[in-house]
Amino acid sequence: MRRRPEPSEFFEYYRGYVAQVPEGDIVSILRAQSRESLAFLERVTGEQAEYRYAPGKWSLKEVVAHVLDMEWVFLARALHFARKVDAALPGVEQEDVMAASNAAARPLSALLAEWGHLREAGALFLDGLDDDAWGRSGVASGRDVTVRALAYIIAGHELHHVGVMRVRYLGQ
């Protein structure tokens, strides 16, 4: 079922992300959210994409790459658990992933194109799941999580970081 996940379906760390997601069909929310976020980010200039609001912080473009990378991770976990692969998945250290991402060398437009395609592929995958698959769970980063929770984590993670980009990077 596509209902909001119970707190027991995900690690407490993600509670704030899940709480940000509005009520409604999560697949429709993911599609609408992607359209809104991409439309917002397509207006970012090259100079804005390179901006860092403090020393040692990621550039706006690197934040986009982080959201994209984590969406890949969360979707891979959802696929793994929905298909009943019986093995735990390791954690992901975001700083290590960013260091290997090559985000700084990629144009923002390429990152946004990848994000749009990934989001649509993820929505198609999630839309094809039956009720049983939505409730399946597995272990990632040493914690139990359901497929349903992962869909909400994807949405909430994006909402969080787009909010950060608006406020800390673009002063909106």
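What you are looking at is a predicted structure, and each value in this text was computed from that prediction instead of being measured.

Overview of the overall build of the chain
Piece 1. Looking only at helices and strands, one finds eight helices and two strands in the chain.
Piece 2. For the chain, the sequential pattern of α-helices and β-strands runs α-α-α-α-α-α-α-β-β-α.
Piece 3. The C-alpha atoms of the chain give a radius of gyration of 16 Å, which matches the 16 Å a tight globule of 172 residues would have.
Piece 4. The principal-axis extent of the C-alpha atoms belonging to the chain is close to 45 × 30 × 25 Å.
Piece 5. Relative to its 172 residues, the chain shows a buried fraction of 46%.
Piece 6. Here the chain has roughly 8700 Å² of accessible surface; of this, 53% comes from carbon and sulfur atoms.

Re the side chain of Ser-37
Piece 1. Along the chain, Ser-37 falls in helix 2 (residues 26–41).
Piece 2. If we skip the residues at most four places from it in the chain, Ser-37 touches Trp-115, Glu-158 and Val-162.

Some remarks on unusual backbone geometry
Piece 1. Backbone geometry places Lys-84, a non-glycine residue, at a positive phi of 60 degrees.
Piece 2. Its location among the elements puts Lys-84 in the loop between helix 4 (60–82) and helix 5 (94–99).
Piece 3. The exposed category is assigned to Lys-84, whose relative accessible area is 61%.
Piece 4. Backbone geometry places Ser-141, a non-glycine residue, at a positive phi of 55 degrees.
Piece 5. Mapped onto the secondary structure, Ser-141 falls in the loop between strand 1 (137–140) and strand 2 (143–146).
Piece 6. In this structure Ser-141 comes out as partly exposed when scored by relative accessible area, which is 39%.

Considering the nonpolar core
Piece 1. If you look at the biggest cluster of nonpolar residues, it comprises 56 residues, and the most contacted ones within it are Ile-26, Leu-41, Val-64, Trp-115 and Leu-126.
Piece 2. Elements supplying a minimum of two residues to this core: helix 1 (15–20), helix 2, helix 4, helix 6 (108–127), helix 7 (131–135) and helix 8 (147–169).
Piece 3. Setting aside residues no more than four positions away along its own chain, Val-64 makes contact with Leu-41, Leu-108, Leu-111, Leu-112, Trp-115 and Met-165.

Examining the pairing of strand 2
Piece 1. Pairing of strand 1 with strand 2, which is carried by four bridges, proceeds in the antiparallel orientation. The partner of Val-139 across the bridge, within strand 2, is Asp-144.
Piece 2. Here strand 1 folds back onto strand 2, and the loop between the two strands holds two residues, one of which, Ser-141, carries a positive phi near 55 degrees.

As for helix 4
Piece 1. The end-to-end C-alpha separation of helix 4 is 33 Å, in line with the 33 Å expected for 23 residues at 1.5 Å each.
Piece 2. The buried count for helix 4 comes to 20 of 23 residues, which makes it a mostly enclosed element.
Piece 3. Immediately downstream of helix 4, the backbone of Lys-84 shows phi near 60 degrees, a positive value.

Here we look at helix 8
Side chains of residues three or four places apart in an α-helix project in the same direction, reflecting 3.6 residues per turn.
Piece 1. The end-to-end C-alpha distance of helix 8 is 32 Å, a good match for the 33 Å that 23 residues give at a rise of 1.5 Å each.
Piece 2. Taken from the residues just after helix 8, Gly-171 is the one with a positive phi, measuring 60 degrees.

Quick word on the packing of helix 2 against helix 8
Piece 1. The geometry of helix 2 relative to helix 8 is characterised by a closest axis approach of 10 Å and an angle of 20 degrees between their N-to-C directions. Taken together, the axis directions place helix 2 and helix 8 in an arrangement best described as roughly parallel. Seen along the crossing, helix 2 lies across helix 8 with a hand that is left-handed. Residues Ile-26, Leu-30, Gln-33, Ser-34, Ser-37, Phe-40 and Leu-41 of helix 2 pack against Ala-151, Tyr-152, Ile-154, Ala-155, Glu-158, Leu-159, Val-162, Met-165 and Arg-166 of helix 8.
Piece 2. Its residues placed into classes, the contact of helix 2 with helix 8 shows 11 nonpolar, three polar and two charged.

Conventions and cut-offs
Residues numbered from 1 in each chain as written. Predicted model: local features only at pLDDT ≥ 70, side-chain atom pairs only at ≥ 80, totals over all residues. Heavy atoms only, no water. Helix = DSSP H or I, 4+ residues; strand = E, 2+ residues; numbered from the N terminus. Rg over C-alpha atoms; globule rule 2.2 N^0.38 Å. Buried < 20%, exposed > 50% of the residue type's maximum accessible area, 1.4 Å probe, protein only. Areas by Shrake-Rupley, 256 points an atom, 1.4 Å probe, with all protein chains shown as cover. Contact = heavy atoms within 4.5 Å. Core = buried A, V, L, I, M, F, W, Y, C linked by side-chain atoms within 4.5 Å. Pairing = 2+ DSSP bridges. Expected span 1.5 Å × (residues − 1). Axes fitted to C-alpha atoms, helices over the stretch in contact; angles between N-to-C directions. Parallel < 35°, antiparallel > 145°, perpendicular 65-115°, else oblique. Left-handed = near helix turned anticlockwise from the far one by under 90°. Nonpolar A, V, L, I, M, F, W, Y, C, P; charged D, E, K, R; others polar.

On their own, these measurements won't tell you what the molecule is for.
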